[in-house]
Amino acid sequence: MATTRRNLLKLGGLAGLGLVLLPVGTLLAGEAAGATGASAKGDRKQWAMLIDLNKCQASAGCRDCIGACHAAHNVPDIGDPLADSKEEVKWIWTETFAETFGDQADEYMADELKQKLLPVMCNHCTHPACVRVCPTEATYKRPDGIVAMDYHRCIGCRYCMAACPHGARSFNFRDPRPSIREVNPAFPTRERGVVEKCNFCAERVDVGMLPACVTACKYGALAFGDLTDTNSAIRKALREGYALRRKPDSGTDPNVYYRV
Ligand code: SF4
């Protein structure tokens, strides 16, 4: 699909912020920019991700995807993750396989797999419970499947946090701005009393770029693309073998897949 004038303008805006020298592997190969709307055929998209745990090095201490995501989105560094602080704000974080897929583990599963760390994030669910309960439409589903937020509309009721079965949302109990290591002026900061979560890098996808976590992963563990495109990277990755999703019985129909 040809890059639209609107996306060229957006790229122009990113150019002003010094973000146009795109390294190889940064662009969405063969998948259209202009992801907010319909595809060339007028169909809806559904962006999705596959995390290959055979390649992911989270258990070896790699946090490259988290670092890239949190730096790009001004996620504050609050609290000690090891202390499981309720004030911690996180877009991507790690959990063990047993914590993430407890409903799909069994007593005979190898301890090595049970204890394996993996990245978790918002699943950009096809039927997002968070969207259904938000009283102000601060959380909404875009035509491309990304579950996005308008921070200005969020009243901090936290209904979305209660509704999300995947624990994907964080609440700013305090002003996050003093805890941002280095502010990225290209992305808005939030304020006290606002919920936030992963946005699948909507601001990058809109201009034909891959999410920051995908680009940052030097092990090639993350595949991203449009589920409605049979030639997309995500569809190719899904064809290569079986993949799990979190809490498949929760009714939200997650769009983040894990290959074990
Ligand atoms: Fe909403 Fe939770 Fe699904 Fe993300 S994982 S779309 S926050 S229900």
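Keep in mind that this is a model prediction, so the values were computed, not measured.

> It is not clear to me how the nonpolar core should be interpreted in this structure. Could you clarify?
Side chains of a nonpolar character, in soluble globular proteins, are inclined to be buried together. Formed by 53 residues in total, the largest nonpolar core has its most connected members in Met49, Ile51, Met121, Phe200, Phe224 and Tyr258. Elements with a minimum of two residues in this core: strand 1 (47-52), helix 2 (64-72), strand 3 (117-120), strand 5 (147-149), helix 7 (202-205), helix 8 (212-216), strand 8 (222-226) and strand 9 (256-259). Membership of the second largest hydrophobic core comes to 8 residues, among which are Leu50, Leu227, Ile234 and Ala243.

> Help me understand the layout of surface pockets, please; the structure alone is not making it clear to me.
Leftover empty space is mapped by rolling, across the atoms, a probe with the size of a water molecule. The calculated volume of the second largest pocket comes to roughly 470 Å³. Lining the second largest pocket are 22 residues, with Met149, Asp150, Tyr151, Phe187 and Pro188 positioned closest to its centre. Looking at the lining of the second largest pocket, the elements that each hand over two or more residues are strand 5 and helix 7. Top element by residues in the lining of the second largest pocket is strand 5. It accounts for 3 residues.

> Explanation requested: helix 2 in the structure shown.
Within an α-helix, residues lying three or four positions from one another point in the same direction, as the helix has 3.6 residues per turn. Among all positions in helix 2, only Cys65, Ile66, Cys69, His70 and Ala72 are buried. In a view along the axis of helix 2, the buried residues occupy a sector of 165 degrees, so they form one face of it. The elements touched by buried residues of helix 2 are strand 2 (93-96), strand 3, helix 8 and strand 8. Where helix 2 ends, the next residue or the one after it, Asn74, has phi of about 55 degrees, a positive value.

> Help me understand the state of the cysteines, please; the structure alone is not making it clear to me.
What is meant by a disulfide is a covalent connection between two cysteines, made through their sulfur atoms. Counted according to the given criterion, the structure contains 0 disulfides. With no disulfide of its own, Cys69 has Cys201 as its nearest cysteine by sulfur position, at a separation of 6.1 Å. Of the residues examined, Cys69 reaches a relative accessible area of 5% and is grouped as buried.

> I would appreciate a short explanation of the packing of aromatic side chains in the present structure.
The geometry of an aromatic ring pair is captured by two quantities: the separation of the ring centres and the angle between the planes. With the rule as written, the count across this model stands at 6 aromatic pairs. On the basis of an interplanar angle of 10 degrees and a centroid distance of 5.3 Å, the ring pair of Trp47 and Phe224 is categorised as stacked. One end of the pair, Trp47, is in strand 1; the other, Phe224, is in strand 8, and 177 residues separate them in sequence. Note on accessibility: Trp47 and Phe224 belong to one class, buried. Consider the rings of Phe101 and Tyr258, whose centres lie 5.3 Å apart with planes at 80 degrees: the pair is edge-to-face. Of the two residues, Phe101 is situated in the loop between helix 3 (97-100) and helix 4 (111-114) and Tyr258 in strand 9; the sequence distance between them amounts to 157 residues. Of the two residues, Phe101 and Tyr258, both sit in the buried class. Among the aromatic residues, those joined into a ring-pair cluster are Trp47, Phe200 and Phe224. Taking the ring centre of Tyr151 as reference, the NZ or CZ of Arg190 above it sits at 5.3 Å.

> Just to check I follow, could you spell out the confidence of the model for the chain for this structure?
In low-pLDDT regions, the fine details of the predicted coordinates are not to be read closely. When pLDDT is averaged along the chain, the result is 87; 83% of the residues meet or exceed 70. Note on residues 1-20: pLDDT is under 50 here. Beyond four places in sequence and across chains, it has 19 contacts. Under a pLDDT of 50 for its full length, residues 32-41 has, in the predicted model, 28 contacts with residues more than four places off or in other chains.

> Help me understand the pairing of strand 9, please; the structure alone is not making it clear to me.
Here is the key point about a regular strand: its side chains alternate between the two faces of the sheet. Residues of strand 9 alternate between two faces, with Val256 and Tyr258 on one and Tyr257 and Arg259 on the opposite face, all of them buried. Pairing of strand 1 with strand 9 involves 4 bridges; the strand directions are parallel. Residue pairing across strands places Ile51 opposite Tyr258, the latter belonging to strand 9.

> Explain empty space enclosed by the protein here, please?
Per the stated rule, a full pass over the model turns up 4 cavities of 30 Å³ or more. Here the largest cavity defines a volume of roughly 110 Å³. Cys56, Cys62, Cys65, Pro119 and Cys217 are the residues nearest the centre of the largest cavity, which is lined by 15 residues in total. The greatest single-element share of the lining of the largest cavity, amounting to 3 residues, is contributed by helix 2.

> So what exactly am I meant to see when it comes to the sheet that holds strand 8 here?
Picture the strands of a sheet paired through backbone hydrogen bonds; they go either parallel or antiparallel. Read from one edge of the open sheet, 3 strands run 8-1-9, paired in mixed fashion. Strands at the two margins of the open sheet, each flanked by one partner only, are strand 8 and strand 9. Across the sheet, the mean angle separating the axes of adjacent strands is 20 degrees when strand polarity is ignored. Both strand 1 and strand 8 contribute to a ladder of 5 bridges, which runs antiparallel. By the bridge assignment for strand 8, Ile51 is matched with Leu222.

Criteria and cut-off values
As a convention, each chain's residues are numbered from 1 in the sequence order in which they are written. It should be noted that, the model being predicted, local features are given only for residues of pLDDT at least 70 and side-chain atom pairs only at 80 or more, the latter also being counted only at that level, while totals for whole chains, interfaces and linings use all residues. Only hydrogens and water are removed before side-chain values are computed, so all heavy atoms of the structure are retained for them. By convention a nonpolar core is built from buried Ala, Val, Leu, Ile, Met, Phe, Trp, Tyr and Cys residues, the set being connected through side-chain atoms within 4.5 Å. Throughout, exposure labels follow a simple rule: accessible area from a 1.4 Å probe, protein chains only, divided by the maximum for the residue type, with under 20% read as buried, over 50% as exposed, and the rest as partly exposed. Only DSSP runs of H or I reaching four residues or more are called helices, and only runs of E reaching two or more are called strands; each is numbered from the N terminus. Cavity means a closed set of points on a 1 Å grid over the protein atoms alone, one where a 1.4 Å probe fits but cannot get out, pocket means an open set with protein on both sides within 12 Å along at least 5 of 7 lines, and lining means a residue has an atom within 4 Å of a point. Grid points are joined across faces, edges and corners, and a volume is the space filled by probe spheres set on the points. Within this analysis, the arc is defined by the directions that extend from the helix axis to the C-beta atoms. Any two residues whose heavy atoms approach within 4.5 Å are treated as being in contact. We call a pair of cysteine sulfur atoms a disulfide when they lie within 2.5 Å. A pair of aromatic rings is counted whenever rings of Phe, Tyr or Trp (Trp by its six-membered ring) have centres within 6.5 Å, and the orientation is called stacked for planes under 30 degrees apart, edge-to-face for over 60 and tilted otherwise. Ring-over charges, as used throughout, are those where CZ of Arg or NZ of Lys falls within 6 Å of the ring centre and within 35 degrees of the ring normal. pLDDT expresses how confident the predictor is about each individual residue, on a scale running from 0 to 100. A strand pair is defined by DSSP finding two or more bridges across the two strands. Between N-to-C directions, angles cover 0 to 180 degrees, with each direction set by a line fitted to C-alpha atoms, over the stretch in contact for helices.

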